[in-house]
Structure formats: C-alpha cells, structure tokens
Amino acid sequence: MVFFIYRSPHGEKAMKLPERTNEVTGVYANGCVEVAKELGVSSVNLWSKMQETQGWQKKFLSDGLHLTPDGNRVVYEEVVKVLRGAWLSAPEMPADFPHHLEIDPENPAKVFQERCLL
C-alpha cells in the first residue's frame, strides 16, 4: 500500500523563512492531493485536517513546526483511517524495526542484533 502524508500547517514561529509560511505549505499540500489523485493512491492531508480545529497552532504544534502529542495523535488517527479503508489493521501489520520501548539506551544495537537486522 502506498499513500501520501503531507506536511502539517506552519504556525507563526516557523515563518522566519519565506518558504515556511502556512500559505506556501497549503499550496504544497494541495499539490500533493492532486498527485495522489493522479496516481490513484490514498492521501492524508494534515494541512487541512489540523486547521479544522480552533487554536490548532498551539494545540498541534509545539514550536510552530514540530508536532505536540495532540498533533501526533491527529497523524496517527488519519493514517489509521487510510489503513482501515484498505482493510488493514496497524497493530496486526508486521514491523520492520523494534518498538522504541524495546531499545535499550545503554545498548541500542542489542535488539537489532537479536532480530538479525544488523
């Protein structure tokens, strides 16, 4: 399965560079929607989805660019919707890498070696 996930919107703190405005991000997100449609693949438009919520800048973005836990929840929920639409279940899908809680900070390579990923 292939699907596109586009950038979340930008808050005011991330707008120091001209290409990092919310307006430019919206143009990019809408272009991605069109490409996904042309390719016949699913898509997740975070730019539009997040702006449906009043006060999205503070609720979903910690510094105007990076996601808060609530922002990450929106990403998760939207990805799960796409997977369910394809009759897939995220918890039942195989993982290529160990869950982050399985990684020992003192010996991060250990879990990868145990799974023969190194």
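Reading guide: rules and limits
- Residues numbered from 1 in each chain as written.
- Predicted model: local features only at pLDDT ≥ 70, side-chain atom pairs only at ≥ 80, totals over all residues.
- Heavy atoms only, no water.
- Helix = DSSP H or I, 4+ residues; strand = E, 2+ residues; numbered from the N terminus.
- Buried < 20%, exposed > 50% of the residue type's maximum accessible area, 1.4 Å probe, protein only.
- Contact = heavy atoms within 4.5 Å.
- Areas by Shrake-Rupley, 256 points an atom, 1.4 Å probe, with all protein chains shown as cover.
- Expected span 1.5 Å × (residues − 1).
- Arc of directions from axis to C-beta.
- Salt bridge = Lys/Arg side-chain N within 4 Å of Asp/Glu carboxyl O.

## A word on the overall build of the protein chain
In terms of regular secondary structure, the protein chain is built from five helices and two strands. Its helices and strands in sequence order give the protein chain the pattern β-α-β-α-α-α-α, from N to C terminus. Looking at the protein chain as a whole, 30% of its 118 residues are labelled buried. Restricting the contact set of the protein chain to residue pairs at least 6 apart, pairs at least 24 apart contribute 57%. Carbon and sulfur atoms provide 55% of the accessible area of the protein chain, an area that totals close to 8,500 Å².

## Examining unusual backbone geometry
With a phi angle near 60°, Trp 87 is a residue other than glycine that sits in the positive phi range. With respect to the helices, strands and loops of the structure, Trp 87 is situated in the loop between helix H4 (69-85) and helix H5 (109-114).

## A short note on the environment of Phe 60
Among the secondary structure elements, Phe 60 is positioned in helix H3 (residues 56-60). Taking the relative accessible area as the measure of exposure, Phe 60 reaches 4% and is therefore buried. In sequence terms Phe 60 and Gly 71 are 11 residues apart; their C-alpha atoms lie 4.0 Å from each other. Once you skip the residues sitting within four places of it in the chain, Phe 60 turns out to touch Met 50, Thr 53, His 66, Leu 67, Thr 68, Asp 70, Gly 71 and Val 74.

## Regarding helix H1 (residues 22-39)
In an α-helix, one full turn covers 3.6 residues, which means residues spaced three or four apart are oriented alike. Between its first and last C-alpha atoms H1 spans 26 Å; for 18 residues at 1.5 Å apiece the expected length is 26 Å, and the two agree. Listed as buried for H1 are Asn 22, Thr 25, Gly 26, Ala 29, Cys 32, Val 33 and Ala 36. For H1, the buried positions fall inside an angular range of 120° around the axis, keeping them on one side. Exposed residues lying more than 90 degrees from the buried face of H1 are Glu 23, Val 27 and Glu 38. At the exit of H1 stands Gly 40, carrying a positive phi of roughly 70°.

## Let's talk about H4
When the terminal C-alpha atoms of H4 are compared, their 24 Å separation across 17 residues agrees well with the 24 Å that a helix rising 1.5 Å per residue should span. Buried residues of H4: Gly 71, Val 74, Val 75, Glu 78, Val 79, Val 80, Val 82 and Leu 83, and no others. Taken from the residues just after H4, Trp 87 is the one with a positive phi, measuring 60°.

## Points about the pattern of salt bridges
In this structure the tally under the stated criterion is six salt bridges. The shortest N-O distance in the salt bridge between Arg 73 and Asp 70 comes to 2.4 Å. Of the two residues, Arg 73 and Asp 70 are both situated in helix H4; the distance of three residues between them amounts to about one turn of the helix. We classify Arg 73 as partly exposed; its relative accessible area is 42%. With relative accessibility at 28%, the residue Asp 70 sits in the partly exposed group.

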